[in-house]
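So you can see what is in the structure, the chains are spelled out below.
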Amino acid sequence: MRIMHLLLSTLILALCGLVMAQDTSVAAVKQAFNNAHIPGDIEFTFDPKVLLEVALPQTNGRPITLHAGIQLPRNATAGPPVFSVVGESGKGPFVVATVDPDAPTPQDPTSAQIRHFLGGNFFRKSIKDPVLLSNTTPAVTEFHQPTPPAGSDPHRYVFLLFDQPKAFDAQTLVTPATSIALFNISQFAKDVGLGQPIGGTFMLVGPDPST
């Protein structure tokens, strides 16, 4: 019985650590991106000014808040994610994008990037940290749950925060009808004037064990 209690306590502590995990250092996030070769693979400069917090709601229990490089089971990533920002960022508007540079597999990313989310007109309504971001218009691309194929290594799912340019709402390069495959976030950012991301984080997700 005592062993069962110890195992249960260990499991609860582990789950609490997972739920409460979050990015707390801009420098650590930047290092995690560099270690995962994300800036080079997505072809952008990542020098974050703020922390982008990404929380994934769970059907049972509290949301999981990401820290850069956390690996999650696919069934914990159904979303849709909730975004917050920590740091001096202004009130917005902001654009949030999520891409997978590893589709269909990290060894052969011939479908990359997959656009898992793209939305604009996110605002923070106070200066207190962390501040929930709320968007005032529908997303260009609603959130798509990670679906790495059977046999693949875990994919990197990268969340990026940009300052929104004035003309973003008028862009037609990506619409709700545009394929989510073969997207290029760095080229899109150049074409619509997003500049470099001011914040970000990422998670690793592998295929379901049953696949």
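Thresholds applied
- Residues numbered from 1 in each chain as written.
- Predicted model: local features only at pLDDT ≥ 70, side-chain atom pairs only at ≥ 80, totals over all residues.
- Heavy atoms only, no water.
- Pairing = 2+ DSSP bridges.
- Helix = DSSP H or I, 4+ residues; strand = E, 2+ residues; numbered from the N terminus.
- Contact = heavy atoms within 4.5 Å.
- Axes fitted to C-alpha atoms, helices over the stretch in contact; angles between N-to-C directions.
- Buried < 20%, exposed > 50% of the residue type's maximum accessible area, 1.4 Å probe, protein only.
- Polar contact = N/O pair within 3.5 Å; in protein donor to acceptor, adjacent residues only side chain to side chain.
- Core = buried A, V, L, I, M, F, W, Y, C linked by side-chain atoms within 4.5 Å.
- Arc of directions from axis to C-beta.

Under an unreviewed UniProt entry, the chain has the name PEBP-like protein and belongs to Gymnopilus junonius.

Requested: an account of the sheet that holds strand β2 (residues 64–65), with residues and values cited.
Taken in spatial order, the 9 strands of this open sheet run β2-β1-β4-β7-β6-β5-β8-β9-β3, and their pairing is mixed. The strands lining the two open edges of the sheet, one partner per strand, are β2 and β3 (70–72). Where strand β4 (residues 82–86) lies against strand β7 (residues 131–135), 2 bridges are found, and the strand directions are antiparallel. When the sheet's bridge partners are listed, Ser 84 is paired in β7 with Leu 132. Its contacts with the sheet put helix α2 (residues 26–35) on β1 (51–56), β8 (155–163) and β9 (199–205), and the angle it makes with β9 is roughly 50°. Sitting on the sheet, helix α4 (residues 185–192) touches β5 (94–100), β6 (114–124) and β8, and the angle it makes with β8 is about 15°.

Describe the side chain of His 155, naming the residues involved and giving the relevant values.
Secondary-structure assignment places His 155 in strand β8. Given a relative accessible area of 1%, His 155 falls into the buried group. Among the polar contacts made by the side chain of His 155, one reaches the side chain of Asp 100 at a distance of 2.8 Å. Setting aside residues up to four positions removed in sequence, His 155 forms contacts with Asp 100, Asp 102, Ala 103, Pro 104, Thr 105, Pro 106, Pro 148, Pro 149, Met 203, Leu 204 and Val 205.

With reference to specific residues and values, describe the environment of Ala 27.
Among the structural elements, Ala 27 can be located in helix α2. Assessed through its relative accessible area of 55%, Ala 27 is described here as exposed. For the pair formed by Ala 27 and Leu 51, sequence separation is 24 residues and the distance between their alpha carbons is 9.9 Å.

Tell me about the nonpolar core, residues and numbers included.
Grouped together as the largest cluster of nonpolar side chains are 28 residues, with contacts concentrated most on Phe 33, Ile 185 and Phe 188. Among the elements of the structure, α2, α3 (38–42), β5, β8 and α4 are those that each provide at least two residues to this core. Ranked by residue count, the leading element in this core is α4, at 4 residues. Grouped together as the second largest cluster of nonpolar side chains are 24 residues, Phe 117, Leu 133, Tyr 157 and Phe 159 included.

So what's going on with α4? Which residues, and what values?
Of all the residues in α4, the buried ones are Ile 185, Ser 186, Phe 188, Ala 189 and Val 192. On an axial view of α4, the arc spanned by its buried residues comes to 165°, and they lie on one face. The inward-facing, buried residues of α4 contact α3, β5, β6 and β8. Phi turns positive one or two residues past the end of α4, at Gly 193, with a value near 80°.

Give a detailed account of the pairing of β5, specifying residues and quantitative values.
When you tally the buried positions in β5, you get 7 out of 7 residues, the bulk of the element. Side chains of β5 alternate between two faces, with Phe 94, Val 96, Thr 98 and Asp 100 and Val 95, Ala 97 and Val 99 buried alike. Of the pairings in the sheet, the one linking β5 to β6 comprises 6 bridges and is antiparallel in character. Pairing of Val 96 across the sheet is with Gly 119, part of β6. In this structure, β5 lies alongside β8, joined through 6 bridges in antiparallel fashion. Note that in β8 the partner of Val 95 across the bridge is Phe 162.

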